[in-house]
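# Working through the structure, step by step
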Amino acid sequence: MKSEIRNWSGVVVLANEDQLVHATSVSDIQSIIKNTNGVIRVIGSGLSYEPLVRVLPMSQQCRKGTLLILNPSPGLLSQTANTATFSASTQLATVFEVLAKMNRMVPCSPGVIGIQTIAGAISTGTHGQGLRQSSLADVVTSMNVVLANAEQYTVSRGHPWFAAFMNSLGALGVITSITVKTEPLRVFTCRKSSVAFETFVNEFVEINRVHEFCKAWWFPVTNQVHVWYADEATPSEHTAYIAANKQVINLDEFVDSSLNEVVDIMASKMAADTHDEAKSGRQFETVDRFRNSSAVVGNLTQVYCKGIPVPQINCEIGVPLENFKKAVALLAAWSRDHGESLHYPFIFRCNGPSDAWLSPSYKRDTCYIGFLVYLAADGTPKEGSFEMMNTLQSLLASVGGIPHLGKHFVKNLYDFPKYLPKWGEFIALRRKLDPHGKFQNDFIGKLFETEEVKENYSVNKAR
């Protein structure tokens, strides 16, 4: 029996071991592309929606492929006064740590999972929260990539193809290094409180306009929403942070214990659904964090990059910000009968407009709404989980929602060309750069190749 390569959690098979190839240099990548006849997909930390990187053929008509892994690298390659260049396989936690030691930061909110590689995070549209910024890809200034013809190429901001590469799902080439903008490191105070659902509905958009970084969790089994909002720390808060050796400090000005009871309820349900009555899995840590919450002071990574990877079915849909209330009303109606089905509260994060062609935030303010169910230790979901996730996606698609393409989604629920105006141009560019489908596994092929490309979509001018 062949050994198998699985995703980060060991739940989903992505390839057989004999399909895995390692590269330690650009020349290695070029050689692999030249000498491989089948499909090539790149794997980073293995966190993305599994079909994106799976190279096992789903039918006899599909080509078997190669799973390319970029070996651990030096991390920081170079820097200027306002930029830093990292190798593609550098984990985000390392990126943020290296920059912090130089008293620098990226001018955007980080995602929540630090073990993502920077190339994987950018390629799949990783984002944080805050209307004054957008995705991580929007702070990129240039990328070095190896194309399907094995040529090394640089795409920089202002290049006609740049916005396509910003969130390309690995469908245009293999990224080898990324340059990001940097700015002086700032310290923030994040205040946390629970509000009534009606208050959340009426005030959340305005809270996002007033505060620099805002995130909310709605517990559908209750009428409460937990809100975090962060702004630059006051001089005295900054001084206290420095005195604490730049470690997160709790202000303890107010401790919110109002969610403790609902945390107990959700933990008990998770224990039953995931067959973990001892509550030993890390999924319980994800809700325990809402107990006895208080304001904290730290840098953005310390405050917001707090995700705990747990095997799950995870969806996130970006809806136009003007449709926020409509989206929440649909979820509220669904929750009256099904709210106890979820293992985690609905997550709300707003972003400003993005330049990335495939971003749900392309040229529009967006509210991302996330929802998930956890898997049992053997990788099985509770019965009906996929049907529930599809229903929620369908509701949000009806108000203009577009999915985060690095997470679970059902393609036929969405009108991609309508809400992503550059969808057809991306398909045309992909066909131009990869005419033989070198980077096209089954999923990428089905996602892009069933769409008709209008004649007026042209990439010939992009050289």
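First things first, this report covers the structure right here in the doc. (Residues numbered from 1 in each chain as written. Predicted model: local features only at pLDDT ≥ 70, side-chain atom pairs only at ≥ 80, totals over all residues. Heavy atoms only, no water.)

The end-to-end C-alpha distance of helix α10 (residues 324–338), which contains 15 residues, comes to 20 Å, matching closely the 21 Å that a straight helix rising 1.5 Å per residue would cover. Within the sequence span of α10, burial applies to F324, A327, V328, L331, A332, W334 and S335. Residues of α10 that are buried make contact with α5 (197–210), β14 (213–218), β18 (312–320), β19 (346–351), β20 (366–374) and α11 (385–397). (Helix = DSSP H or I, 4+ residues; strand = E, 2+ residues; numbered from the N terminus. Expected span 1.5 Å × (residues − 1). Buried < 20%, exposed > 50% of the residue type's maximum accessible area, 1.4 Å probe, protein only. Contact = heavy atoms within 4.5 Å.)

Moving on, we get to the state of the cysteines. Applying the stated criterion across every chain, the model contains zero disulfides. Of all cysteine sulfurs in the structure, the one in C367 sits closest to C315, which takes part in no disulfide; the separation is 15 Å. Its relative accessible area of 0% is what places C315 among the buried residues. C367 carries a free sulfur, and the closest cysteine sulfur to it, the one in C350, is 3.9 Å from it. (Disulfide = S-S within 2.5 Å.)

Next up on the list: the environment of I32. Mapped onto the elements, I32 comes out in helix α1 (residues 26–35). Separated by 36 residues in sequence, I32 and L68 place their C-alpha atoms 8.7 Å apart. Excluding residues within four positions of it along the chain, I32 makes contact with V21, H22, A23, I40 and L68.

On to unusual backbone geometry, then. Working note: non-glycine residues mostly have negative phi, and peptide bonds are mostly trans. In this structure, N245 takes a positive phi of about 60 degrees despite not being glycine. When you line up the elements, N245 lands in the loop between α6 (235–243) and β16 (249–250).

Grouped together as the largest cluster of nonpolar side chains are 110 residues, with contacts concentrated most on F200, F346 and F348. Setting aside its immediate chain neighbours within four residues, F348 contacts F200, F204, C214, K215, A216, W218, F324, V328, C367, Y368 and I369. Ranked by size, the runner-up nonpolar core spans 28 residues in total, among them C190, W217, W228 and A271. (Core = buried A, V, L, I, M, F, W, Y, C linked by side-chain atoms within 4.5 Å.)

As paired strands, strand β6 (residues 76–79) and strand β7 (residues 83–87) are joined by three bridges and run antiparallel to one another. The residue bridging Q79 from the neighbouring strand is A84, located in β7. The loop that links β6 with its antiparallel partner β7 comprises three residues. (Pairing = 2+ DSSP bridges.)

So, on to the packing of aromatic side chains. All chains considered together, the criterion is met by 26 aromatic pairs. Aromatic pair F324 and F348: ring centres 6.2 Å apart, planes at 80 degrees, arrangement edge-to-face. Of this pair, F324 sits in helix α10 while F348 is found in strand β19, placing the two residues 24 residues apart along the sequence. Across this residue pair, the class does not change: F324 and F348 are buried. Three or more aromatic residues joined by ring pairs form one cluster here, namely F197, F200, F204, W218, F324, W334, F346, F348 and F371. Above the plane of the ring of W228 lies K192, whose end atom (NZ or CZ) is 4.1 Å from the centre. (Phe/Tyr/Trp six-rings, centres within 6.5 Å; stacked < 30°, edge-to-face > 60°. Lys NZ or Arg CZ within 6 Å of the ring centre and 35° of its normal.)

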